[in-house]
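# Summary of the model geometry
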Amino acid sequence: MPHAKLIHGSPDDIEAAFYDALARADLDGLMECWAEDEEIVCIHPGAQRLVGHAEIRSVWEDILSNGGLRIRPRQLHATQNMMTSVHSVIEEIDHGPQQAAPDVHVVATNVYLKTTQGWRIVMHHASVAPGAAPVETAVSGTTLH
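Residues numbered from 1 in each chain as written. Predicted model: local features only at pLDDT ≥ 70, side-chain atom pairs only at ≥ 80, totals over all residues. Heavy atoms only, no water.

## Thoughts on the environment of L22
- Structurally, L22 is set in helix 2 (residues 11–24).
- Separated by 46 residues in sequence, L22 and G68 place their C-alpha atoms 5.5 Å apart.
- Every residue in contact with L22, bar those within four places of it in the chain, is listed here: L30, W60, L64, G68, L69 and I71. (Helix = DSSP H or I, 4+ residues; strand = E, 2+ residues; numbered from the N terminus. Contact = heavy atoms within 4.5 Å.)

## A word on helix 2
- The terminal C-alpha atoms of helix 2 lie 20 Å apart, and with 14 residues this matches the ideal 20 Å at 1.5 Å per residue to within 8%.
- All buried positions along helix 2 are accounted for by P11, I14, E15, A17, F18, Y19, A21 and L22. (Expected span 1.5 Å × (residues − 1). Buried < 20%, exposed > 50% of the residue type's maximum accessible area, 1.4 Å probe, protein only.)

## Points about a nonpolar patch on the surface
- A cluster of nonpolar residues, M82, M83 and L113, forms a patch on the protein surface that exposes about 320 Å² of accessible area.
- By the secondary structure assignment, M82 is in the loop between strand 3 (71–80) and strand 4 (84–93). (Patch = residues over 30% accessible without salt bridge, like charges linked within 9 Å, V, L, I, M, F, W, Y side chains within 5 Å. Areas by Shrake-Rupley, 256 points an atom, 1.4 Å probe, with all protein chains shown as cover. Salt bridge = Lys/Arg side-chain N within 4 Å of Asp/Glu carboxyl O.)

## A word on unusual backbone geometry
- In the Ramachandran plot, A25 falls in the positive-phi region, its phi being about 55° despite a non-glycine side chain.
- In this structure A25 comes out as partly exposed when scored by relative accessible area, which is 29%.
- The backbone of Q75 sits at a positive phi, close to 55°, despite the residue not being glycine.
- Within the secondary structure layout, Q75 lies in strand 3.

## A look at the environment of V122
- You can see V122 is positioned in strand 6 (residues 118–130).
- Sequence spacing of V122 and D37 is 85 residues, and the spatial spacing of their C-alpha atoms is 7.9 Å.
- The residues touching V122, leaving out its near neighbours within four places in the chain, are W34, A35, I40, V41, V111 and L113.

## With respect to the pairing of strand 4
- Across eight bridges, the pairing between strand 3 and strand 4 is antiparallel. Residue R74 lies in a different strand from strand 4, and its bridge partner there is I90.
- Adjacent in sequence and paired antiparallel, strand 3 and strand 4 are bridged by three residues. (Pairing = 2+ DSSP bridges.)

## Quick look at helix 4 (residues 53–64)
- The end-to-end C-alpha distance of helix 4, which contains 12 residues, comes to 16 Å, matching closely the 16 Å that a straight helix rising 1.5 Å per residue would cover.
- Taken as a whole, helix 4 has its buried residues at I56, W60 and L64. The arc that holds the buried residues of helix 4, viewed along the axis, is 55°, so those residues lie on one side. Exposed residues lying more than 90 degrees from the buried face of helix 4 are A54 and D62.
- Looking at the buried side of helix 4, the elements it contacts are helix 2, helix 3 (27–32), strand 1 (41–43), strand 2 (49–51) and strand 6. (Arc of directions from axis to C-beta.)

Printed below as a string of structure tokens:
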């Protein structure tokens, strides 16, 4: 994603750039999505909490050294105010044609903060949940007042 788009982008734009960078194994692009704050936090499924750029970058570097990750966020549930946006998603992981998909799904929370550089990730927390991913319920066009 162009740098200008990152500065002026919405939390949705930053989330799209984050998952796009994962797919391309673009470590620098991935880290551009994070806030320039040493209090940022990342928790991978079954792993310890990582705090700060150095720890987060190091682990992502190890993960991406094997190539990109094809992860699509689905079933977004978002809440937002002027300075913070919280996205809860089901991460749909493409395991490729050679691997059978395990009977698990990943639930992730991405927290964004409005900074002087635009919206940035301050926390990514992903957890593996057993069983099939929940089915997204259809949303009707009806508005209740």
